[in-house]
Amino acid sequence: MPIKQFSSDSSLVRELDAKDIRSKVRTTLKGRTIGGQPFSRGALYHLLRSRVYLGEVPHKDQFHPGLHEAIIDEELFAAVQAQLDENSRRRKATGKSVAGSPLAGCLFDTDGQLMSPTFAYGRGGKLYRYYVSTPLQRGAKRDQQDNAPRRVSAATLESRLIKTLTRLLPNLQEDPFGLVNRIEIHIGCVELLVPLKYLNKINGNLTTGERVRPDPAESKCLRLTLPWRMQTRGGRTDILVGDKNTPQPDASLIRALRNAHAMLDQDSGKGPVLQAAPASPWKRNLVRLAFLAPDIQQIILEGRQPDPLTLALLMKNEIPLLWSDQRRKFGIESTL
């Protein structure tokens, strides 16, 4: 398996796991069987650093020529080491930022898995912080059918929580995050465990969709439910504030719908007509949005579309010709 094809240790972990490649099984002198386990990122890091594959043997802090032949060349080994070193430098350079994530240790996904702080680089080397579920942090591949939020923007979540806690507990003299014992991220809401003594104060400042009650499991805590829905768009999780009846205009989807109509002309009866196929595959795919059922287009413009109905979904999937089939496929009740 060529090492060059993997850009990160996480992708290598997933590839090995998909091919059911495990660590070597060994039997100890006491008869205990060990090994046969999936490779962790730490184990792979150790293997990728080993000079044994260059035909060398370790002794204390030094390596010496061995009697076995090298199985990889110096150039490939050096390239891998350079990539590992670069990753290490970048992690150290951003360690303070990630370590300072205020929700570390108290944020959990809908299955109770801890969501730990991590980061990624965008264009121009810009740093983006995230909270990611533990299994994904360890290199596990996400189930295609899993729509639960497993990765959320740290900056977005922290900002919304600060604004909400400041509104619910005005004139608070301490760090709002210091009050939170636990945060749970669900598909349709976010729930916080906060000391019970703040129950009356929070209850007097609630807005539509927010609820607070004594927690049935933690007698000294209250459970605050915030109607925040998580929506994944292009790998990014957005936080939609409000219940399902609160309009949530999707700017990218609305813009795409308007661009699709801009590619059409009108026939003699003022109906939409496409005079020629758009030049690029992207535009040929995009123009289909102009032929969505009128009520579907209307709810998109009003921001009342179902959470799963995103631009990515429409661009990746076939759009039925019949309006009734469109409504059925995209989970929309007809208003006509």
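Residues numbered from 1 in each chain as written. Predicted model: local features only at pLDDT ≥ 70, side-chain atom pairs only at ≥ 80, totals over all residues. Heavy atoms only, no water.

S.K.: An account of the pattern of salt bridges is needed here, citing residue identities and associated values.
M.R.: Should their charged atoms come close, side chains of opposite charge can pair. According to the stated counting rule, one finds 14 salt bridges in the structure shown. Here Asp295 makes a salt bridge to Arg327, at a shortest N to O gap of 2.8 Å. One end of the pair, Asp295, is in helix H10 (residues 294–302); the other, Arg327, is in helix H12 (residues 323–330), and 32 residues separate them in sequence. Like Arg327, Asp295 is buried. Within this structure, Arg182, Glu184, Glu191, Asp215 and Arg223 form a network of salt bridges that share partners. (Salt bridge = Lys/Arg side-chain N within 4 Å of Asp/Glu carboxyl O. Helix = DSSP H or I, 4+ residues; strand = E, 2+ residues; numbered from the N terminus. Buried < 20%, exposed > 50% of the residue type's maximum accessible area, 1.4 Å probe, protein only.)

S.K.: Describe the side chain of Arg150, and please don't skip the residues or the numbers.
M.R.: With respect to the helices and strands, Arg150 occurs in the loop between helix H5 (134–137) and strand S8 (151–153). Owing to a relative accessible area of 11%, Arg150 belongs among the buried residues under this scheme. For Arg150, the side chain forms a polar contact with the side chain of Asp111, separated by 2.7 Å. (Polar contact = N/O pair within 3.5 Å; in protein donor to acceptor, adjacent residues only side chain to side chain.)

S.K.: Outline the sheet that holds S8, supporting the account with residue identities and numerical values.
M.R.: One open sheet holds the 3 strands; their spatial order is S6-S7-S8, and the pairing between them is antiparallel. The two strands at the open ends of the sheet, each matched to only one other strand, are strand S6 (115–121) and S8. For this sheet the average axis-to-axis angle between neighbouring strands, irrespective of direction, equals 35°. Bridge analysis of S6 against strand S7 (residues 127–133) gives 7 bridges, and the strand direction is antiparallel. What sits directly across from Tyr121, in S7, is Leu127. Helix H6 (residues 154–168) contacts S7 and S8 of the sheet and is inclined by roughly 80° relative to S7. (Pairing = 2+ DSSP bridges. Axes fitted to C-alpha atoms, helices over the stretch in contact; angles between N-to-C directions. Contact = heavy atoms within 4.5 Å.)

S.K.: How would you summarise the packing of helix H8 (residues 251–262) against H10 if you had to cite specific residues and measurements?
M.R.: The geometry of H8 relative to H10 is characterised by a closest axis approach of 9 Å and an angle of 135° between their N-to-C directions. What the angle tells us is that H8 and H10 run oblique. Read as a crossing pair, H8 and H10 show a hand that is left-handed. Where H8 approaches H10, its residues Leu253, Ile254, Leu257, Arg258 and His261 are matched on the opposing element by Gln297, Ile300 and Leu301. (Parallel < 35°, antiparallel > 145°, perpendicular 65-115°, else oblique. Left-handed = near helix turned anticlockwise from the far one by under 90°.)

S.K.: Explain H12 to me, using residue names and the numbers behind them.
M.R.: The set of residues buried in H12 consists of Gln326, Arg327 and Phe330. Along the axis of H12, the buried positions cluster into a sector of 95°, meaning they face one direction only. On its buried side, H12 packs onto H10 and helix H11 (311–316). Trailing H12 by a residue or two, Gly331 shows a phi angle of about 70°, which is positive. (Arc of directions from axis to C-beta.)

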